[in-house]
Amino acid sequence: QVQLVESGGGLVQAGGSLRLSCAASGTRLDIYAMSWFRQAPGKQRELVALITNGGVTNYVDSVKGRFTISRDNAKNTVHLQMNNLKPEDTAVYYCKADATWSGRTYYPGAWGQGTQVTVSS
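Since this is a predicted model, take the numbers as computed values, not measurements.

S.K.: Before we move on, could you go through the state of the cysteines and cite the residues and values that matter?
M.R.: Inspection of the entire model under this criterion finds 1 disulfide. The disulfide partner of Cys 22 is Cys 95, and the gap between their sulfur atoms is 2.0 Å. Every disulfide takes its handedness from the sign of the S-S torsion; for Cys 22 and Cys 95 that torsion is 55°, giving right-handed. Taken as a pair, Cys 22 in strand β3 (residues 18-25) and Cys 95 in strand β9 (residues 91-97) lie far apart in primary sequence, 73 residues in all. Grouping residues by exposure puts Cys 22 and Cys 95 together as buried.

S.K.: Could you give an account of the layout of surface pockets, naming the residues involved and the relevant values?
M.R.: The volume enclosed by the largest pocket comes to roughly 150 Å³. A per-class count over the lining of the largest pocket returns 3 nonpolar, 3 polar and 5 charged.

S.K.: Break down the environment of Arg 45 for me, citing the residues and quoting the values.
M.R.: On the secondary structure map, Arg 45 appears in the loop between β4 (34-39) and β5 (46-51). Accessibility expressed as a relative area gives 33% for Arg 45, which makes it partly exposed. When residues no more than four places from it in sequence are discounted, the contact partners of Arg 45 are Phe 37, Arg 38, Gln 39, Tyr 94 and Trp 111. Of the polar contacts made by the side chain of Arg 45, one reaches the side chain of Gln 39; its length is 3.4 Å.

S.K.: So what about unusual backbone geometry? Which residues, and what values?
M.R.: The phi dihedral of Asn 76 is positive, around 55°, even though this residue is not glycine. Note on Asn 76: relative accessible area 16%, which makes it buried.

S.K.: I'd like a rundown of the pattern of salt bridges, residues and numbers included.
M.R.: For the coordinates displayed, the defined rule picks out 6 salt bridges. When salt bridges that share partners are traced, they join Arg 38, Glu 46, Arg 66 and Asp 89 into one network.

S.K.: Go over the pairing of β5 with me, naming the residues and quoting the values.
M.R.: Pairing between β4 and β5: 5 bridges, direction antiparallel. Pairing of Phe 37 across the sheet is with Leu 47, part of β5. In this structure, the hairpin formed by β4 and β5 is closed by a connection of 6 residues, where Gly 42 is found at a positive phi of approximately 80°. Connecting β5 to the antiparallel partner strand β6 (residues 57-59) that follows it, the hairpin turn spans 5 residues, and Gly 55 within it adopts a positive phi of roughly 95°.

S.K.: Any chance you could break down the sheet that holds strand β7 (residues 67-72) for me, citing the residues and the numbers?
M.R.: The strand order across the open sheet built from 4 strands is β1-β3-β8-β7, with neighbouring strands paired in antiparallel fashion. Since the sheet does not close on itself, it has two edges, and those belong to β1 (3-7) and β7, each with one partner. On average, each strand axis in the sheet is inclined to that of its neighbour by 15°, with strand direction left out of account. The pairing of β3 with strand β8 (residues 77-82) spans 6 bridges and is antiparallel. Among the inter-strand pairings, Arg 19 is bridged to a residue of β8, identified as Gln 81.

The rules behind the values
Residues numbered from 1 in each chain as written. Predicted model: local features only at pLDDT ≥ 70, side-chain atom pairs only at ≥ 80, totals over all residues. Heavy atoms only, no water. Disulfide = S-S within 2.5 Å. Helix = DSSP H or I, 4+ residues; strand = E, 2+ residues; numbered from the N terminus. Buried < 20%, exposed > 50% of the residue type's maximum accessible area, 1.4 Å probe, protein only. 1 Å grid on protein atoms, 1.4 Å probe; cavity = no way out; pocket = protein on both sides within 12 Å on 5 of 7 lines; lining within 4 Å. Points joined across faces, edges and corners; volume = space filled by probe spheres on them. Nonpolar A, V, L, I, M, F, W, Y, C, P; charged D, E, K, R; others polar. Contact = heavy atoms within 4.5 Å. Polar contact = N/O pair within 3.5 Å; in protein donor to acceptor, adjacent residues only side chain to side chain. Salt bridge = Lys/Arg side-chain N within 4 Å of Asp/Glu carboxyl O. Pairing = 2+ DSSP bridges. Axes fitted to C-alpha atoms, helices over the stretch in contact; angles between N-to-C directions.

In structure tokens, the structure reads:
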């Protein structure tokens, strides 16, 4: 089963940038569709961005034009580049691997432990 570890969170001023990374181990990452979610205090976890195993991307409207999701299959890593950050982007950010089949083998999905992003005004 894949294990995911996020890194790159921190405190940044509004207008600044951060690059989150999600490193996978246990299974090769290229078979999975990958997503970044976030959860702010008192709010539900929401999907921020996703990238299919074919490289197709999609974003929630609130981050379009500011965030970019990418994957480096050779390094078994997914990134979320976040530019022009706003205070409302403050949340714990999680990466997620969607359960999938490869041939006849089923690969369960997984969540990372999360990384805190705080944007000050």
